[in-house]
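What the coordinates show
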Amino acid sequence: MNQHTARRGGAAWALVITSVAGFMAALDNLVVTTALPSIRKDLGGALEDLEWTVSAYTLTFAVLLMFGAALGDRFGRRRLFIVGLTVFTGASAGAALASGIDALIAARAVQGVGAAIMMPLTLTLLTAAVPVARRGVALGIFSAVTGIAIASGPLIGGSLTEHISWQWIFWLNVPIGLALLPLARLRLAESYAPNARLDIPGTLLVSGGLFGIVYALVNGQADGWTSTPILAGLIVGTVLLITFVRHGFTNKNPMLPMRLFRDRAFFGINIASLLMFLGMFGSIFLLSQFLQVVVGYSPTEAGLRMLPWTGMPLIVAPLAGYLSDRIGGRPVVTAGLVLQAVGLAWYAAILEPGVSYAAQLPALILSGIGMALYFAPAASVVMSSVRPAEQGIASGANNALREVGGALGIAVLGAVFAARGGYESGDTFTDGTVPALWIGAAAVALAALTALLIPGRSKQQGEPAGDSPAGERELTAV
């Protein structure tokens, strides 16, 4: 049975605190992309170091996200939210003070740990503080703020890098985090789910497996694909992930119950999400650098020119949500993924060192519309594929798989780029980026085909398939 302490603050305070915390965590997914050329110039490092600068955050965030939520359920959601916020804020300062690329990567990994503890508890704490009648509005505002963070990430990163320094993309978090800490302590109510189970073996298996595979993909070109560390990473990582899947079937309370994937809707939307983020994140990683390294835009100019892609969901999402309500999630998600794939393919077809922005704009707009059509109904499809008591696990799994897809995307597309191109000139950079974009487009196209597994609207109206949950993780109603 869920327990909570006396209410310390109103719904408005909870909305402000959780939304700002969510903004910081979401912003750090993409804020670093337009700063990468400046980081490379200042700290040095090869392509694989730049990849780890992004992936160290997304990977730790992904593999620890569900474990962080379980820690909050077990030891106190407000308490662990404060712990996560403290770790995230301290690691942000560490990243800003980093004197070398290795120190920056380490700080980014710790940032991901803090975000993994903090981020899943934001929604739990917000839901606990807001009355049921106003919960939809509150969650809508929270989602909009997170969307703004994702949309503005490249622009904020570019502006801070150009007009102050790249360190300020991390310093920005410090005063905000320090202001939120006492507010969270004073204004958020504590709550628990005492029967929550911690799946430490599952967390270790998935962490080790994903790290081994991403390490091999990122360093394969530099170390040699047949070298002992790379082969060990691929083999050991694969074995650990297979063991993790088996653990999800056989363990009584796994962090990710694999039986959920027997449902077509759950399987379709989650695998589509992983593939979509693989293609999207890897492409943004390379294109944000292309706009600066090859075309010659400043960091701010590059961030502005990415807005038709990253900012389009803010405009199109309401229409996408309306369409999803009218015709169901599957056609909207599938159409969005198709448009995203076409946008990436268009980019790959026209990319050359002297390409004009006018030639790039249709690809950016198509990709942005596609992203918006995907994002709006995806959460609804995830939630409708499981029983109410399993929606927390389902949401956490979907978010984790998205982040895993982002880390794999940077690793896979970065490996293609390294094999075919480099930083020596605009031509060599383009030579590596074009095949990587084709791979990204293919991954998103495969995501569109996978989304077709999602049942149509008439088949989703009944109760989703699946075994009865062993226990219900309740949300606190204050």
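Calculation notes
- Sequence order as written defines residue numbering, which begins from 1 separately in each chain.
- Note on the predicted model: pLDDT of at least 70 is required for a residue's local features to be given, and 80 or more for side-chain atom pairs to be given and counted; whole-chain, interface and lining totals, by contrast, use all residues.
- Where side-chain values are given, they derive from all heavy atoms of the structure, hydrogens and water being excluded.
- Segments assigned H or I by DSSP are reported as helices when at least four residues long, segments assigned E as strands when at least two residues long, and all are numbered from the N terminus.
- The quantity called the radius of gyration is restricted to C-alpha atoms. Its globule counterpart is 2.2 Å times the number of residues to the power 0.38.
- Categorising residues by exposure relies on relative accessible area from a 1.4 Å probe, with only protein chains included: less than 20% of the type maximum marks a residue as buried, more than 50% marks it as exposed, and the intermediate range marks it as partly exposed.
- Contact criterion: two residues are considered in contact whenever any of their non-hydrogen atoms come within 4.5 Å of each other.
- The charged-residue count follows a simple rule in which Lys and Arg add positive charge and Asp and Glu add negative charge, with His and chain termini not counted at all.
- Charged groups are reduced to one reference atom each: NZ for lysine, CZ for arginine, CG for aspartic acid, CD for glutamic acid.
- Each polar contact in these results corresponds to two N or O atoms within 3.5 Å; when the atoms are within protein, one needs to be able to donate a hydrogen and the other to accept it, and residues that are neighboring in sequence are counted only if both atoms are side-chain atoms.
- Residues grouped as a nonpolar core are buried Ala, Val, Leu, Ile, Met, Phe, Trp, Tyr and Cys residues, joined through side-chain atoms within 4.5 Å.
- Whenever Lys or Arg places a side-chain nitrogen within 4 Å of a carboxyl oxygen from Asp or Glu, that contact is recorded as a salt bridge.
- The patches reported here contain residues having more than 30% relative accessible area and no salt bridge. Joining distances are 9 Å for like charges and 5 Å for nonpolar side chains (Val, Leu, Ile, Met, Phe, Trp, Tyr).
- All accessibility values rest on the Shrake-Rupley procedure with a 1.4 Å probe; residue burial counts only the protein chains present in the view.
- Note: pLDDT gives the predictor's confidence per residue, expressed from 0 to 100.
- A pair of aromatic rings is counted whenever rings of Phe, Tyr or Trp (Trp by its six-membered ring) have centres within 6.5 Å, and the orientation is called stacked for planes under 30 degrees apart, edge-to-face for over 60 and tilted otherwise.
- Only Lys NZ and Arg CZ are tested; either one counts as a charge over a ring when it is within 6 Å of the ring centre and within 35 degrees of the ring normal.
- The angle between two axes is taken between their N-to-C directions and runs from 0 to 180 degrees, where each axis is a line fitted to C-alpha atoms and a helix contributes only its stretch in contact.
- Note on terminology: angles under 35 degrees are roughly parallel, angles over 145 are roughly antiparallel, angles of 65 to 115 are roughly perpendicular, and the others are oblique.
- The crossing is said to be left-handed when, going from far helix to near helix, the turn is anticlockwise and less than a right angle, and right-handed when the turn is clockwise.

Time to look at the overall build of the chain. Of regular secondary structure, the chain possesses 18 helices and two strands. Taking 478 residues into account, the globule formula puts the C-alpha radius of gyration at 23 Å, and the chain, at 21 Å, falls close to it. Considering only C-alpha atoms, the chain reaches an extent of 60 × 50 × 45 Å along its principal axes. The buried share of the chain, taken over its 478 residues, is 57%. Looking at the chain alone, contacts between residues at least 24 apart form 84% of all its contacts between residues at least 6 apart. Here the chain contributes 28 positive and 24 negative side-chain charges, whose respective centroids are spaced 14 Å apart.

With respect to the element layout, Asp-73 can be found in helix α3 (residues 47-75). On the basis of relative accessibility, which here comes to 3%, the residue Asp-73 falls in the buried class. Separated by 2.8 Å, the side chains of Asp-73 and Arg-77 make a polar contact.

Ranked by size, the top nonpolar core spans 137 residues in total, and within it Phe-81, Leu-104, Trp-309 and Leu-337 carry the most contacts. Here this core takes 17 residues from helix α11 (residues 264-293), the largest share from any one element. Excluding residues within four positions of it along the chain, Phe-81 makes contact with Ile-17, Ala-21, Met-118, Leu-121, Thr-122, Leu-125, Ala-184 and Leu-188. Ranked by size, the runner-up nonpolar core spans six residues in total, among them Val-316, Val-332, Ala-372 and Leu-373.

Our focus in this paragraph is the pattern of salt bridges. Tallied over the entire structure, the rule returns one salt bridge. A salt bridge links Arg-77 to Asp-73; its shortest N-O distance comes to 2.8 Å.

Taken together, the side chains of Leu-231, Ile-235, Val-236 and Val-239 present a nonpolar region at the surface, about 340 Å² in accessible area. Of note, Val-236 is situated in helix α10 (residues 228-250).

As a further point, take the confidence of the model for the chain. Looking at the chain as a whole, the pLDDT averages 83, with 91% of positions reaching at least 70. Across residues 1-7, confidence stays below pLDDT 50; counting only partners more than four residues off in sequence or on other chains, it has 24 contacts. Overall, residues 460-478 carries pLDDT values under 50, and its contacts beyond four positions in sequence, including any with other chains, amount to 47 contacts.

If you trace the backbone, Ala-25 turns up in helix α1 (residues 11-30). For Ala-25, a relative accessible area of 0% corresponds to the buried category. Among all residues touching Ala-25, those that are not within four sequence positions of it are Tyr-57, Phe-88, Ala-115, Met-118 and Met-119.

This part is about the packing of aromatic side chains. The full count for this structure, using the stated rule, is ten aromatic pairs. With a centroid separation of 4.9 Å and an interplanar angle of 75°, the aromatic rings of Phe-261 and Phe-266 are classed as edge-to-face. For Phe-261, a relative accessible area of 17% puts it in the buried group. Three or more aromatic residues joined by ring pairs make a cluster, and in this case those are Phe-290, Phe-417, Tyr-423 and Phe-429. Taking NZ or CZ as reference, Arg-305 lies 4.2 Å from the ring centre of Tyr-297, over its face. Positioned above the aromatic ring of Tyr-357, the side-chain terminus of Arg-305 is 5.4 Å from the ring centre.

Our next topic: the packing of helix α14 (residues 329-350) against helix α15 (residues 357-384). Describing two packed helices takes the angle between their axes plus the distance from one axis to the other. Relative orientation of the contacting elements α14 and α15 amounts to 155°, with a least axis distance of 7 Å. One finds that α14 runs roughly antiparallel with respect to α15. Crossing angle aside, the handedness with which α14 passes α15 is left-handed.

Moving on to the environment of Thr-428. For Thr-428, the position within the fold is in helix α17 (residues 426-451). Separated by 361 residues in the primary sequence, Thr-428 and Phe-67 place their C-alpha atoms 42 Å from one another. Once you skip the residues sitting within four places of it in the chain, Thr-428 turns out to touch Gly-421, Gly-422 and Tyr-423. Side-chain polar atoms of Thr-428 contact the backbone nitrogen of Ser-425, separated by 2.9 Å.

A few words now on the packing of α1 against helix α8 (residues 173-187). Contact geometry for α1 and α8: axes closest at 10 Å, N-to-C directions at 145°. As α1 packs across α8, the resulting crossing turns out to be left-handed. Only Asn-173, Ile-176, Gly-177, Leu-180, Leu-183, Ala-184 and Arg-187 of α8 make contact with α1, whose side of the interface consists of Trp-13, Ile-17, Val-20, Ala-21, Met-24 and Asp-28.

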